[in-house]
Amino acid sequence: MSSQNDWETRVRQLAAERDAVILAHNYQRPEIQDVADHVGDSLALARLAATSTARTIVLAGVYFMAETAKILSPQRTVLIPDANAGCSLADSITAEQLRGWKREHPGAVVVAYVNTSADVKAESDICCTSANAADIVAAIPAGREVLFLPDQFLGAHVRRVTGRDNLHVWMGECHVHAGISPQDLRRKVAADPAAQLYVHPECGCSTAALWQAGTEDFPSQRTHVLSTGGMLTAARTTTAKSVLVATETGMLHQLRKARPDVRWEPANPRATCHYMKMITPEALERCLRDGQSEVHVAPEVASRARRAVEAMITVGASA
Ligand code: 13P
Ligand code: SF4
């Protein structure tokens, strides 16, 4: 415990010396979340990066999040504790592939989930996160075709919520969320039939849970499709005694802190993102001490990507 306290003290001191704000995603290791200035979902982190006045932003998350921070705050130094912290979902589409898809659908509006590279954002009209995807798509005139990328499960969810049939979905996926299956969820529901369900829309189980909502397996009043930030908001006022959580297991830390009286159970306890977990306590301390690794985005890419991210920030309302 005292070595944990010593580490926290060193990290806070190094952050103060560097005038750095530490922004951590909800999937980070508990000790990283606890030492950070702010913990949130990808939309909240983007908003915080856009308005931060600190000289340095340390993004304790994955690379596309750090790139988004740099795109929104080009005048600040943006650091990521491990530059190898990638994302299988962001890797599922390249800028070249997107250009090809756009050629097949001239005039379509391109909506890119923030889990994409800066190059892909630069080819997009507007970004979205899981917290605001349906609002963003609903704001596009009904007659316009939409290219939604890269997550197939979030895309299916948005198509269902908005009722649009002119929304084309890229068939990408996140290996962690896609690995949470309808069977995992069904098994857990059977073991705790009174539990509420919080499902992240990237999950393989989310479409099944939605299509079956109202059945005995997935009762509609108890099934909530939420971003990670939305889960925390719902947790604060829930009257449930137990909740099954279908997302990366790092989320449980904030949920348990917010409501220790509720039983929080992962839908799949093996759903951990090894990219998120690359941000170790040692890596964070080294990053603050040595100023490594700095994130750069080429200015012409950043200015095109910024239009798409800023358009999202002005439209998006948190789920
Ligand atoms: P949100 O935090 O926006 O819900 O996204 C989850 C995610 O997969 C980030 O990697
Ligand atoms: Fe990417 Fe999935 Fe990890 Fe999120 S959980 S960073 S979408 S690989």
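Relevant structure appears above.
On a predicted model such as this, the values are computed, not experimentally measured, just so you know.

## So, the site of ligand 1
In the neighbourhood of ligand 1, 14 residues make up the surrounding shell, with His25, Ser42, Ser130, His200 and Thr228 lying closest. Histidine 200 has a polar side-chain atom sitting 2.8 Å from an oxygen atom of ligand 1. Glutamate 202 is positioned with one of its side-chain polar atoms (N or O) 3.2 Å from an oxygen atom of ligand 1. Summarising the interface, the protein chains cover 96% of the accessible area of ligand 1, which totals 300 Å² for the free molecule. A breakdown of the residues in the shell around ligand 1 according to their chemical character gives 4 nonpolar, 8 polar and 2 charged.

## Considerations on the site of ligand 2
Around ligand 2, the structure places Val62, Cys87, Ser88, Asn115, Cys174, His175, His177, Glu202, Cys273 and Met276. With respect to the detected pockets, ligand 2 is housed in the largest cavity. Grouping the amino acids of the shell around ligand 2 by side-chain chemistry returns 5 nonpolar, 4 polar and 1 charged.

## Considering the side chain of glutamine 152
Structurally, glutamine 152 can be placed in helix H8 (residues 152-162). According to the relative accessible area criterion, glutamine 152 is buried, its value standing at 18%. In terms of polar contacts, glutamine 152 uses its side chain to reach the side chain of glutamate 173, at 3.3 Å. Setting aside chain neighbours within four positions, we find glutamine 152 in contact with Val169, Trp170, Met171, Gly172 and Glu173.

## Digging into the pattern of salt bridges
A side chain with one charge may pair with a side chain of the opposite charge, provided their charged atoms come close. On inspection of all chains with the given rule, the structure shows 14 salt bridges. Ionic pairing is found between arginine 99 and glutamate 123, a salt bridge with its closest N-O pair at 2.9 Å. Taken together, the positions of arginine 99 in helix H5 (residues 95-104) and glutamate 123 in the loop between helix H6 (118-122) and strand S6 (126-128) put the pair 24 residues apart, joining distant regions of the chain. In this structure, aspartate 261 engages arginine 259 in a salt bridge whose closest nitrogen and oxygen atoms are separated by 2.8 Å.

Parameters and conventions
- Residue numbers run consecutively from 1 along every chain, following the written order of its sequence.
- Here chains are named by letter from A upward and ligands by number from 1 upward, in the order in which they appear as written.
- Totals for whole chains, interfaces and linings use all residues, but because this is a predicted model, local features are given only for residues with pLDDT of at least 70 and pairs of side-chain atoms are given and counted only at 80 or more.
- Only hydrogens and water are removed before side-chain values are computed, so all heavy atoms of the structure are retained for them.
- The near set for a molecule or strand comprises every residue that places at least one heavy atom within 4 Å of it.
- A 3.5 Å cut-off defines polar contacts: any pair of N or O atoms within that distance qualifies, except that in protein one atom must be a possible hydrogen donor and the other a possible acceptor, and neighbouring residues in sequence count only when both atoms are side-chain atoms.
- Shrake-Rupley sampling with a 1.4 Å probe provides the accessible areas, and residues are treated as covered by the protein chains on show and by no other component.
- Amino acids outside the nonpolar list (Ala, Val, Leu, Ile, Met, Phe, Trp, Tyr, Cys, Pro) and the charged list (Asp, Glu, Lys, Arg) are all regarded as polar, and Gly is one of them.
- Put simply, the grid is 1 Å and covers the protein atoms alone, a cavity is a trapped set of points that fit a 1.4 Å probe, a pocket is an open set with protein on both sides within 12 Å along at least five of seven lines, and lining residues have an atom within 4 Å of a point.
- Molecules are considered to sit inside a cavity or pocket once more than half of their atoms lie within 2 Å of its grid points.
- The secondary structure listing takes helices from DSSP runs of H or I that are at least 4 residues long and strands from runs of E that are at least 2 residues long, numbered from the N terminus.
- Burial classes: relative accessible area under 20% of the type maximum marks a residue as buried, over 50% as exposed, and values in between as partly exposed (1.4 Å probe, protein chains only).
- Contact between two residues is taken to exist if any of their heavy atoms lie within 4.5 Å; hydrogens are not considered.
- Salt bridge, as used here: a side-chain nitrogen of Lys or Arg that lies within 4 Å of a carboxyl oxygen of Asp or Glu.

Function cannot be read off these values alone, since they describe shape.
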